[in-house]
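The chain contents come next:
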Amino acid sequence: GRVLRVPDTGLVLLVGVSGSGKSTAAARWFRPTQVVSSDACRALVSDDENDLSATGDAFELVNAIVAKRLKRRLLTVVDATSVRKDDRAQLVRIAKEHDLPAAAIVLDVTEGTANKRNAGRTDRDIPPRVVSRQRQNLRRDLKRMDREGFRRLHVLRGEEEIAAARVEPER
Ligand code: ATP
Ligand code: MG
């Protein structure tokens, strides 16, 4: 399987549509304390996990936690879809502000795979049209993501590549 090199001191973005397996991969590749999840932050500021009006507050929390951790030179992984360029840019900027590198790991699965998994989920209700929009964003940006300031950019295509990959922090 692929070896994914990431900075041992810095920021790692997991990028992928809902149901691409970001939270599952994060649990396999990183320690729980290293992972900042937008869903967990949404749950902290809203009693309804599907309440989209809480998104702004949730990401203020994500950004604040990321900044605090990077200030302490801790490897920090953001578990959020991050399919929008502006969302990624904001996180890369926080890393730059702390003079630390950022890496991105893209989990590129088909809409079919994501929808099938989402249909089986009990934690969230994610309609296929949401995945479709996320995937359009991602597809459009993938070609140019190497110019967004990531020191490392890993694109994993399909379930098998994701399952076989492992992460290796590097100084
Ligand atoms: P979201 O952005 O909505 O949080 P996510 O990218 O974090 O989605 P996960 O929660 O990791 O996605 O995975 C979605 C569903 O797919 C879960 O029910 C998970 O158990 C299942 N799943 C994840 N990876 C695999 C896999 N390799 N094989 C089978 N099922 C998987
Ligand atoms: Mg998740």
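Above: the structure in question.
Residues numbered from 1 in each chain as written. Chains lettered and ligands numbered in written order. Predicted model: local features only at pLDDT ≥ 70, side-chain atom pairs only at ≥ 80, totals over all residues. Heavy atoms only, no water.

**Q** Whenever I open this one, the overall build of the protein confuses me. Can you help?
**A** Along the protein, the regular secondary structure elements total 7 helices and 7 strands. Each helix and strand of the protein, ordered N terminal to C terminal, gives the series β-β-α-β-α-α-β-α-β-α-α-β-α-β. By the compact-globule yardstick of 16 Å for 171 residues, the protein fits well, its C-alpha radius of gyration being 15 Å. Expressed along its principal axes, the backbone C-alpha trace of the protein runs to roughly 40 × 35 × 30 Å. Each of the 171 residues in the protein was classed as buried or not, and the buried ones make up 47%. Here the protein has roughly 9300 Å² of accessible surface; of this, 46% comes from carbon and sulfur atoms. Looking at the protein, you have 33 positive and 25 negative side-chain charges, and the mean spots of the two groups are 6 Å apart. (Helix = DSSP H or I, 4+ residues; strand = E, 2+ residues; numbered from the N terminus. Rg over C-alpha atoms; globule rule 2.2 N^0.38 Å. Buried < 20%, exposed > 50% of the residue type's maximum accessible area, 1.4 Å probe, protein only. Areas by Shrake-Rupley, 256 points an atom, 1.4 Å probe, with all protein chains shown as cover. Lys, Arg positive; Asp, Glu negative; His and termini not counted. Charge placed at Lys NZ, Arg CZ, Asp CG, Glu CD.)

**Q** Whenever I open this one, a positive patch on the surface confuses me. Can you help?
**A** Taken together, the side chains of K85, K143, R144 and R147 define a basic patch exposed on the protein surface. Residue placement: K85 occurs in helix α4 (residues 85-97). (Patch = residues over 30% accessible without salt bridge, like charges linked within 9 Å, V, L, I, M, F, W, Y side chains within 5 Å. Salt bridge = Lys/Arg side-chain N within 4 Å of Asp/Glu carboxyl O.)

**Q** What's the story with the site of ligand 1 in this structure? I'm lost.
**A** Residues in close proximity to ligand 1 total 14 residues, the closest being G19, K22, S23, T24 and R121. S20 is positioned with one of its backbone polar atoms (N or O) 3.4 Å from an oxygen atom of ligand 1. Between an oxygen atom of ligand 1 and a side-chain N or O atom of S23, the distance comes to 2.8 Å. Taken by itself ligand 1 offers 630 Å² of open surface, and the protein chains cover 69% of this. Of all the cavities here, the one that holds ligand 1 is the largest pocket. Grouping the constituent residues of the shell around ligand 1 by class yields 2 nonpolar, 7 polar and 5 charged. (Near = heavy atom within 4 Å. Polar contact = N/O pair within 3.5 Å; in protein donor to acceptor, adjacent residues only side chain to side chain. 1 Å grid on protein atoms, 1.4 Å probe; cavity = no way out; pocket = protein on both sides within 12 Å on 5 of 7 lines; lining within 4 Å. Sits in = over half its atoms within 2 Å of the grid points. Nonpolar A, V, L, I, M, F, W, Y, C, P; charged D, E, K, R; others polar.)

**Q** How should the nonpolar core be read in this particular structure?
**A** Across soluble globular proteins, you tend to see nonpolar side chains buried next to one another. Ranked by internal contacts, the top residues of the largest apolar core, which has 25 residues, are L11, V66 and V78. When residues of this core are traced back to their parent elements, those giving at least two are β2 (11-15), α3 (55-71), α4, β5 (102-108) and α6 (128-142). Every residue in contact with L11, bar those within four places of it in the chain, is listed here: V66, L70, T76, V78, L91, V92, A95, P101, A102 and A103. If you look at the next biggest cluster of nonpolar residues, it comprises 23 residues, including L14, V17, V109 and V131. (Core = buried A, V, L, I, M, F, W, Y, C linked by side-chain atoms within 4.5 Å. Contact = heavy atoms within 4.5 Å.)

**Q** What is the right way to look at the pattern of salt bridges in this model?
**A** When the charged atoms of two side chains with opposite charge come close together, those side chains can pair. This model, assessed by the stated rule, comprises 14 salt bridges. Measuring nitrogen to oxygen at the nearest pair gives 3.3 Å for the salt bridge that ties R2 to E161. Linking R2 in the segment before β1 (3-7) with E161 in helix α7 (residues 158-164), this pair joins segments that are 159 residues apart in sequence. In this structure, R88 engages D141 in a salt bridge whose closest nitrogen and oxygen atoms are separated by 2.9 Å. Of this pair, R88 sits in helix α4 while D141 sits in helix α6; the two residues are 53 residues apart in sequence, bridging distant segments of the chain. Taking relative accessible area as the criterion, D141 reaches 9% and is therefore assigned buried. What emerges from the salt-bridge pattern is a single network uniting R88, R140, D141 and E148.

Don't take any of this as a statement about function, it's just geometry.
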